[in-house]
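# Examining the three-dimensional arrangement
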Amino acid sequence: MSGTIRVPAPVNEPILSYAPGTPERTELKAALRSIAGQEADIPVIIGGEEIRTGRTHAIHAPHDHGLRLGEWHAAGAEEAQRAIANTVDARREWASWRWEDRAAVFLKAAELLAEPWRSTLNAATMLGQSKTAFQAEIDSACEIVDFFRFGAHFAERIFDHQPISDRGIWNRIEYRPLEGFVYAVSPFNFTAIGANLAGIPAMVGCGVLWKPSKHAVLSGYYTYKLLEEAGLPPGVINFVPGDPVEITAAAMDHPDFAGLHFTGSTGVFQSLWNTVGRNIARYRSYPRLVGETGGKDFIVAHPSADRDALRTAIVRGSFEYQGQKCSAASRAYVPESVWKEISGDLVAETDALAMGDPMDFRNFVNAVIDRGAFQSITGYIDRAKASPDADVIAGGEYSDADGFFIRPTLIRAHAPDHETMCDEIFGPVMSIHVYPDAAWSETLDMVDSTSPYALTGAVFSQDRSAVREAMDRLQNAAGNFYINDKPTGAVVGQQPFGGGRASGTNDKAGSVFNIIRWLSPRTIKENFAPPMSTAYPFMGEE
Ligand code: NAD
């Protein structure tokens, strides 16, 4: 049996509106009530077996200390060892499956998520990670569907890449999944990142040990169950929430450790890279290290910028999901002439953003993820309030009485190197530096050199030569660069995502560049007419 089989041409999953009166709104509200009304009991899952270790952690909604969503069982070193052995075993059989059978599992998961599972994953994300219906929809529904549909399509484009063959010879490349196991370590802020970090290496035949963030275990568990229902065999992905240090030590000390698929903070990624370096001699293969990490994402406006577009981009780009997107705008450079015109409306619009429980769909922002984040973000706000180099011009209030709520905050930073212009704050805080209109070119250099990161950035200008200059001077300042648009909201298949410098390895999630990292090509040369004697013609007698 053979055939040049192709997965269906991918299309982006449409974003549902959840406007009053829509069926999706009714369904989502029912799912929210159901998840909020039950206590989940989430196990470690190894080889399809649910393991309740008894070392439990409660799950509380970040926006409502009184809302207990259940508990999860933590894996430790022993479960990690078991899971690794099981993953390596399961991978042998899985890697031998035909590509179309493996792809079908993920394409089915995409369809299940687009329909019956959509409200469950969205509700779990809204409650567990404190997201609005819209922010959950673009993450836990649309982006996961897109990662799986486009992932299958991009994998086929890689498989199509074949060498030429000379006469009498047939050259070909087989794309083998990595030998051993891939360690996927995911952050709290996007359910889709967990699905992608674990799912994409698995789709192309790898075995995956998946350690989700402790703040996203609920949505991670439902993601795992979705894949199970779609037909993912036991052990291909093992789900091991738990102590990050113990699990990482088990994974990275193991000779079969073949790759790290990480998204999270820069410091953690650098420490994992160090561990790999120290252990390098013990591995069977050189591990692939893929990490997407922090950002200090910018908006830079030229005097010709469209005022309304700039103001809207600052508000949406900085405050959606409480600024807890790696791509969130968190520093802006605005010329004096533009600032005079927009500052009043910008402050008013920021102050008017409704904040509260995601169950109340009128809210634009919800709570930050936990007490640690709350303390760190409010520390920046308090220091800005006390500093002569900065003024808090909108927001600045916070309360952890009911949940971890911080008002969307605008800081005017008089000093361009004030800490809020340089550090990743990862919260609803936007710092703005106002520059003299004539200092456009110097300001671009300041944007480039102020932070070690290079994830996303945006230029606003109606003047093409200014756009061109920003593109050139900021060539290495962002892996995702936007012209007259906010720097968030990358869509799979449209804006492959990732940054350079301290922001990561820039392997572009949801693209061929990422998928290729989980494959190890084998070149095969077959000779139909092999030489029959050792001597070459030039060696003959004259
Ligand atoms: P985090 O670094 O705290 O955690 C990420 C993961 O690493 C979690 O699974 C966590 O348990 C694990 N971890 C933490 N300490 C560890 C240790 N010592 N050893 C091994 N594993 C460890 O990040 P977070 O708070 O979950 O996410 C926010 C960060 O992620 C921000 O810095 C943000 O910019 C970044 N992020 C980047 C992107 C991107 O595409 N560049 C996307 C999303 C988030």
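Keep in mind that what you see is a predicted model, and the values were worked out from it rather than measured. (Residues numbered from 1 in each chain as written. Predicted model: local features only at pLDDT ≥ 70, side-chain atom pairs only at ≥ 80, totals over all residues. Heavy atoms only, no water.)

### Here's the deal with the sheet that holds strand 5 (residues 64-73)
Taken in spatial order, the three strands of this open sheet run 1-5-4, and their pairing is mixed. The open sheet is flanked by strand 1 (40-42) and strand 4 (56-61), the only strands paired with a single partner. Averaged over neighbouring strand pairs, the angle between their axes works out to 35° when direction is ignored. Strands strand 1, strand 4 and strand 5 of the sheet are contacted by helix 7 (residues 217-229), whose axis makes an angle of about 75° with strand 1. (Pairing = 2+ DSSP bridges. Helix = DSSP H or I, 4+ residues; strand = E, 2+ residues; numbered from the N terminus. Axes fitted to C-alpha atoms, helices over the stretch in contact; angles between N-to-C directions. Contact = heavy atoms within 4.5 Å.)

### Quick look at helix 11 (residues 336-351)
For helix 11, spanning 16 residues, the distance from its first C-alpha to its last is 22 Å, which sits close to the expected 22 Å at 1.5 Å a residue. Approximately 50° is the largest bend angle found in helix 11, and it occurs at Ile 342. Within the sequence span of helix 11, burial applies to Val 338, Trp 339, Ile 342, Ser 343, Leu 346, Val 347 and Thr 350. In this fold, the buried residues of helix 11 make contact with helix 10 (307-319), strand 13 (329-335), strand 14 (390-394), strand 17 (409-413) and strand 18 (429-435). (Expected span 1.5 Å × (residues − 1). Bend = angle between axes of the 7 residues up to and from the residue. Buried < 20%, exposed > 50% of the residue type's maximum accessible area, 1.4 Å probe, protein only.)

### Observations regarding the environment of Thr 266
Here Thr 266 lies in helix 9 (residues 266-279). Residues Thr 266 and Gly 504, 238 residues apart in the sequence, show an inter-C-alpha distance of 7.6 Å. If we ignore the near neighbours within four places in the chain, the residues touching Thr 266 are Thr 293, Gly 294, Tyr 453 and Ala 502. In this structure the side chain of Thr 266 is engaged in a polar contact, spanning 3.1 Å, whose partner is the backbone nitrogen of Gly 294. (Polar contact = N/O pair within 3.5 Å; in protein donor to acceptor, adjacent residues only side chain to side chain.)

### A closer look at a nonpolar patch on the surface
Judged by side-chain polarity, Tyr 536, Phe 538 and Met 539 come together as a nonpolar surface patch covering roughly 430 Å² of accessible area. The exposure class assigned to Phe 538 is exposed, which follows from its relative accessible area of 68%. (Patch = residues over 30% accessible without salt bridge, like charges linked within 9 Å, V, L, I, M, F, W, Y side chains within 5 Å. Areas by Shrake-Rupley, 256 points an atom, 1.4 Å probe, with all protein chains shown as cover. Salt bridge = Lys/Arg side-chain N within 4 Å of Asp/Glu carboxyl O.)

### Let's talk about the site of the ligand
Neighbouring the ligand are 27 residues, the closest being Ser 186, Ser 265, Thr 293, Cys 326 and Glu 424. In this structure, an oxygen atom belonging to the ligand sits 3.1 Å away from a main-chain N or O atom of Phe 188. Between Glu 424 and the ligand, the recorded distance is 2.6 Å, taken from a side-chain N or O atom to an oxygen atom. Considered on its own, the ligand offers 840 Å² of accessible surface; in the complex 84% of this is hidden by protein. Of all elements in the fold, only helix 8 (244-252), strand 10 (257-263) and helix 9 reach the threshold of two or more residues within the shell around the ligand. Class assignment of the residues belonging to the shell around the ligand gives a composition of 14 nonpolar, 10 polar and three charged. Shared between two domains, the shell around the ligand holds at least three residues of each, these being domain 1 (23-53 + 71-293 + 504-525) and domain 2 (297-483). (Near = heavy atom within 4 Å. Nonpolar A, V, L, I, M, F, W, Y, C, P; charged D, E, K, R; others polar. Domains from an automatic or database assignment.)

### Points about the domain arrangement of the protein chain
Assigned domains of the protein chain: these are domain 1 (23-53 + 71-293 + 504-525) and domain 2 (297-483). Using C-alpha coordinates to define each centre, domain 1 is positioned 32 Å away from domain 2. Opposite the 22 residues of domain 1 that make contact, domain 2 presents 20 residues. It is Ser 130, Gln 135 and Phe 188 in domain 1 that bury the most area against domain 2; as a group they hold 26% of the surface buried on that side. Along the contact surface separating domain 1 from domain 2 lie zero salt bridges. (Buried area = accessible area lost by both parts, 1.4 Å probe.)

### Here's the deal with the packing of helix 1 (residues 23-37) against helix 4 (residues 118-129)
Put simply, helix 1 and helix 4 touch, their axes get as near as 8 Å, and they point 60° apart. With respect to helix 4, the element helix 1 is oriented oblique. The handedness of the crossing between helix 1 and helix 4 is right-handed. Along the contact surface, helix 1 presents Glu 27, Leu 28, Ala 31, Leu 32, Ile 35 and Ala 36, while helix 4 presents Ser 119, Thr 120, Asn 122, Ala 123, Ala 124, Met 126 and Leu 127. Across the contact of helix 1 with helix 4, the residue classes tally to nine nonpolar, three polar and one charged. (Parallel < 35°, antiparallel > 145°, perpendicular 65-115°, else oblique. Left-handed = near helix turned anticlockwise from the far one by under 90°.)

### Examining the side chain of Thr 22
Summarising the element assignment, Thr 22 is placed in the segment before helix 1. Among the residues examined, Thr 22 registers a relative accessible area of 16% and is labelled buried. At 2.7 Å, the side chain of Thr 22 forms a polar contact with the backbone oxygen of Ala 19.

### Quick word on the sheet that holds strand 18
Here we have seven strands laid out as an open sheet, ordered 14-17-18-13-12-20-21, and mixed in their pairing. Bordering the open sheet on either side are strand 14 and strand 21 (480-483), each of which pairs with just one other strand. Each strand axis lies, on average, 20° off the axis of its neighbour in the sheet, ignoring direction. Contacts from helix 15 (residues 464-473) reach strand 20 (456-460) and strand 21 within the one sheet, and its direction differs from that of strand 21 by about 170°.

### As for the environment of Ile 45
Within the fold, Ile 45 resides in strand 2 (residues 44-46). Put simply, Ile 45 and Tyr 221 are 176 residues apart on the chain and 9.2 Å apart in space, counted from C-alpha to C-alpha. Filtering out sequence-adjacent residues up to four positions away, Ile 45 remains in contact with Glu 50, Tyr 221, Tyr 224, Asn 238 and Phe 239.

### Quick word on the pairing of strand 6 (residues 169-177)
Where a strand is regular, its side chains alternate between the two sheet faces. Residues Ile 169, Asn 171, Ile 173, Tyr 175 and Pro 177 point to one face of strand 6 and are all buried, whereas Trp 170, Arg 172, Glu 174 and Arg 176, pointing to the other face, are not buried. Relative to strand 23 (residues 519-527), strand 6 runs antiparallel, the two sharing nine bridges. Within the sheet, the bridge partner assigned to Arg 172 lies in strand 23 and is Ile 524.

### Describing the environment of Ala 141
Its location among the elements puts Ala 141 in helix 5 (residues 133-159). For Ala 141 and Ile 393, which are 252 residues apart along the polypeptide, the C-alpha to C-alpha distance reads 36 Å. Contact partners of Ala 141, with chain neighbours within four places excluded, come to Leu 113, Arg 118, Asn 122 and Ala 136.

### Considerations on helix 3 (residues 99-114)
With 16 residues, helix 3 extends 23 Å from end C-alpha to end C-alpha; this agrees with the ideal 22 Å at 1.5 Å per step. Turning to helix 3, its buried residues are Trp 99, Arg 102, Ala 103, Val 105, Phe 106, Leu 107, Ala 109, Ala 110, Leu 112, Leu 113 and Ala 114. For helix 3, the secondary structure elements touched by its buried residues are helix 2 (77-95), helix 4, helix 5, helix 6 (191-203) and helix 7.

### Focus: the side chain of Glu 320
The residue Glu 320 is located in the loop between helix 10 and strand 13 in this model. One buried charged residue, Glu 320, forms no salt bridge at all, with the nearest opposite charge on Lys 325 at 4.3 Å. (Lys, Arg positive; Asp, Glu negative; His and termini not counted.)

### Topic: the nonpolar core
In terms of nonpolar packing, the biggest core is built from 81 residues, with Ile 42, Phe 106, Phe 148, Leu 218 and Ile 237 touching the most fellow members. Among the elements that take part in this core, helix 5 stands out by supplying 11 residues, more than any other. Those residues in contact with Ile 42 that lie beyond four places of it in its chain are Ile 59, Glu 71, Trp 72, His 73, Val 217, Leu 218, Tyr 221 and Phe 239. Within the second largest apolar cluster, 26 residues are counted, among which are Ala 313, Phe 319, Ile 342 and Leu 353. (Core = buried A, V, L, I, M, F, W, Y, C linked by side-chain atoms within 4.5 Å.)

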